[in-house]
Structures are given as structure tokens and as C-alpha cells.
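# Structural overview
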Amino acid sequence: MLITPISNINLNHYNQYQTNNNYICKNQINPTFKGFGDNLEKISPLNYYMRKLFSKFTRISKIRKFGIDSELKKNLKIVELKTGKNTSVAWDINPDNSEKYIIFYHGLGQNITANQEFYKTMIKKGYGVFAPEYGGFGDSTGAVTAKSIKQNTESAINYLKSKGIKPDNIGVVGFSLGSFPAITMADKNDKLRFLVLISPFNSIKNETEMLLNGQTLKLPKIVKYMLSKCPFLVNLIDATFQTLRKLKNLKLPIYFIHSKNDNIIPTKSTKEMAEHSKNLKEFILLETGGHSIGPGKINAFNNLSGI
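Quick caveat, the model's predicted, so the values are computed rather than measured. In every chain, residue numbers begin from 1 and rise along the written sequence. Thresholds applied to this predicted model are a pLDDT of at least 70 for local features of residues and 80 or more for the giving and counting of side-chain atom pairs; totals over whole chains, interfaces and linings are not thresholded and use all residues. Hydrogens and water molecules were not included; the side-chain quantities draw on all heavy atoms of the structure.

What counts as a ring pair is set by centres within 6.5 Å for rings of Phe, Tyr and Trp (its six-membered ring), and what kind of pair is set by the plane angle: stacked under 30 degrees, edge-to-face over 60, tilted for all other angles. In this structure the tally under the stated criterion is 10 aromatic pairs. Summarising the aromatic geometry, the rings of Phe-104 and Phe-118 are spaced 5.5 Å apart at their centres and angled 75 degrees between planes, so their arrangement reads as edge-to-face. On the criterion of sequence distance, the pair formed by Phe-104 in strand E4 (residues 101–105) and Phe-118 in helix H4 (residues 116–124) is long-range, its members being 14 residues apart. Like Phe-118, Phe-104 is buried. The helix count covers DSSP runs of H or I at least four residues long, the strand count covers runs of E at least two residues long, and both are numbered beginning at the N terminus. Only protein chains enter the accessibility calculation, which uses a 1.4 Å probe; a residue is then buried when its area is under 20% of its type maximum, exposed when over 50%, and partly exposed in between.

What follows is the structure, encoded as C-alpha cells:
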């Protein structure tokens with residue numbers, strides 16, 4: 001793995017979005033998304049539609065960028081993690097030179113600039129923040145696959161180890177789509193400090209009801225019919241990440257934060273994940289907050305015991 005600091009010229013690449021109103025999101029509340037897709041098996045009727053939608057939000061992640069917060073900018077280090085042919089861009093923010101870190105994975109349609117208010121909260125709790133990008137998202141190359149997620153998590157851990165950070169001083173937080181790399185990282189590194197999953201994406205199978213109702217993704221009637229009659233067709237997708245199986249085997253403390261009015265991830269989906277977590281410490285279910293990391297979820301994270 002090659003770790004390369006990015007020059008100030010590349011830092012200015014982010015600063016340009018502060019004045020380009022065609023691209024900058026002025027509100028630091030995370031933009032929501034609809035839909036999900038990955039390396040889908042050809043047999044699935046969702047294949048074409050999910051790939052198309054996933055590609056759309058990958059493109060969005062490349063242009064929907066926030067300007068760098070003035071507090072964070074003073075201590076921001078941007079690095080490139082080289083894994084094979086691909087490059088993952090990441091933010092390393094540690095103003096107090098803390099020996100503790102949180103690795104944060106963002107949601108679909110986002111990039112590493114999207115959760116800066118949350119970064120500041122984690123820093124105030126005494127952690128450095130390391131936020132890596134997914135393959136193909138933001139300024140990173142490659143694509144999101146089960147393999148690339150595994151490589152991404154390995155690179156992130158190796159980077160922090162190169163800084164002298166011990167695994168038991170590293171926590172991992174995943175939001176929505178970020179639940180996949182967060183769980184993968186915890187599965188491969190059993191000495192991590194904790195795992196926090198915020199509005200976590202569990203499985204396509206659990207979201208089938210929303211798919212059929214058109215809340216998440218508009219599907220042709222024939223595809224809806226096939227899914228209603230043959231729900232096993234989505235099992236091929238779920239088998240890629242094996243979320244519940246991994247959660248059963250995790251020994252580190254696990255926390256969940258979710259909103260009842262989340263119109264992307266149903267509450268029952270997150271409850272199922274919590275039920276499969278052997279070392280569940282807390283499950284905070286908020287009345288409001290939707291599918292974003294807003295003030296309610298930030299406050300809930302701030303009050304988690306043991307973090």
C-alpha cells in the first residue's frame with residue numbers, strides 16, 4: 001500500500017466548490033438518496049435498474065461537494081491510499097494529535113465532504129477522524145464491489161497503523177451504504193474499539209416492500225410482479241455482503257442509530273440487524289430525522305455510552 005499526501009493544489013480543488021453554486025450544497029445536512037446497486041447477478045430482474053441508479057448516484061458524489069469547514073481546514077490532511085490499480089482519496093483530521101481514531105464511511109450519493117458537522121462532533125469527543133472514499137466515488141478511482149470494499153478497509157487500517165494507532169483505539173462508523181465497509185472492517189479486525197451503524201443498509205430483501213411500493217425505486221410492473229412472486233431473486237444480491245452473518249460473529253461493542261420516519265431504510269430492517277448483533281450495547285430509535293445525519297443523530301451519537 002502506498003500512502004501519498006496530496007499537495008495544496010489539490011486542496012484548492014475542494015475549495016473551488018465554496019464559490020461555485022452550481023455544485024456546492026450549502027446545507028451541511030446530508031442529501032438523501034434513493035436506491036442502491038452493486039455487482040448484481042445477471043439473473044436478477046433488478047440488475048439493469050439498480051446498476052443504472054447506482055451509477056447515477058456515483059456521478060452525483062463526484063460533483064455534489066461541500067466547501068471545507070474553516071475549523072477542519074486548519075488540520076486537514078488529504079491522502080491517497082493506493083490499492084492495486086485504484087486510488088482511494090481520504091481525509092485525515094486530528095487537531096489534538098489524539099491516539100484514538102474513528103474511521104467514517106459515508107452514504108450513497110455522498111463523498112467525504114458531506115458530513116463535516118459530524119466530523120467536528122467526533123473530534124470534540126477526543127478522536128481523530130479518518131474518512132476514506134469508496135471506489136469510483138468522489139475523486140477516487142475504480143468501482144464499488146465486495147472486493148474493493150475489502151481492499152479499502154485494509155488500506156484504511158494499514159494507514160492508521162503506520163501512524164502508530166493501535167486497533168483497540170480505532171472505532172468505525174458507517175452511515176447507510178457505509179454500513180457495508182464498516183461491518184466488513186469490524187469483521188476483519190476483531191480488536192477494534194466499537195462499531196456504530198447509522199441508518200444502516202441491511203439488505204435488498206428487507207427493502208423489497210419499499211421497492212414494490214415505489215418509495216425507493218420506480219420499477220416496471222413486470223419486475224414488481226416477479227419480485228412479489230419470487231422474492232428469492234434478491235438473495236443473490238444479499239449474499240454478496242452477508243451482513244447478518246458477519247454481525248453474529250462480531251465481538252466488539254455495537255451501536256445502532258435510526259429514525260422511525262426514514263423513508264429509505266425501514267425500522268424493521270435495522271431492528272433485525274440489532275437482533276443479530278451478539279454484543280449490542282445500544283439501539284437508539286429517533287422519532288424524526290429521516291435518512292440523513294442531522295442534529296438528532298449527531299446528538300444521539302454524542303450520548304452513546306462507552307464512546
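Lines fitted to C-alpha atoms define the axes, with helix axes restricted to the stretch in contact, and inter-axis angles between N-to-C directions lie between 0 and 180 degrees. Where helix H5 (residues 146–162) meets helix H6 (residues 179–188), the closest approach of the two axes is 9 Å, and the angle between their N-to-C directions is 65 degrees. Every pair of crossing elements has a handedness; the one defined by H5 and H6 is right-handed. Contact residues: Ile-149, Lys-150, Thr-153, Ala-156 and Ile-157 in H5; Phe-180, Pro-181, Thr-184, Met-185 and Lys-188 in H6. Polar here means any residue outside two lists: the nonpolar Ala, Val, Leu, Ile, Met, Phe, Trp, Tyr, Cys and Pro, and the charged Asp, Glu, Lys and Arg; Gly therefore counts as polar. Looking at side-chain class alone, the contact of H5 with H6 contains six nonpolar, two polar and two charged residues. A clockwise turn of the near helix away from the far one marks a right-handed crossing, whereas an anticlockwise turn of less than a right angle marks a left-handed crossing. We call two residues contacting when some pair of their heavy atoms lies within 4.5 Å.

Right, let's talk about the nonpolar core for a bit. Across soluble globular proteins, nonpolar side chains have a tendency to be buried as a group. In this description, a nonpolar core means a group of buried Ala, Val, Leu, Ile, Met, Phe, Trp, Tyr and Cys residues linked to one another through side-chain atoms lying within 4.5 Å. Of all hydrophobic cores here, the largest spans 41 residues; its most connected members are Ile-103, Phe-130, Leu-195 and Leu-247. What Ile-103 contacts, discounting residues up to four positions off in sequence, is Phe-130, Pro-132, Ala-156, Ile-157, Leu-160, Ile-170, Gly-171, Val-172, Val-173 and Met-185. Counting residues in hydrophobic clusters, the runner-up holds 32 residues, among them Val-89, Tyr-127, Val-173 and Ile-298.

Now for the side chain of Asn-94. Topologically, Asn-94 is positioned in the loop between strand E3 (86–93) and E4. Residue classification places Asn-94 among the buried positions, given a relative accessible area of 13%. A polar side-chain atom of Asn-94 sits 3.3 Å from a polar atom in the side chain of Tyr-101. Any pair of N or O atoms that falls within 3.5 Å is considered a polar contact. Within protein, one atom must be able to donate a hydrogen and the other to accept it, and sequence-neighbouring residues count only if both atoms are side-chain atoms.

This paragraph deals with the pairing of E4. Across the five residues of E4, five count as buried, placing the element largely inside the fold. Of the two faces of E4, the one lined by Tyr-101, Ile-103 and Tyr-105 and the one lined by Ile-102 and Phe-104 are each fully buried. When DSSP finds two or more bridges between two strands, those strands count as paired. As paired strands, E4 and strand E5 (residues 128–132) are joined by three bridges and run parallel to one another. Counterpart to Ile-102 in the pairing with E5 is Val-129. By convention a crossover is right-handed if, when the strands point away from the viewer, the path from the first strand over the helix to the second runs clockwise. What joins E4 to E5 is H4, and the crossover it makes is right-handed. As defined by bridge partners, E4 adjoins strand E6 (residues 170–175) across five bridges and the pair is classed as parallel. Each residue of the ladder has a partner; that of Ile-102, found in E6, is Gly-171.

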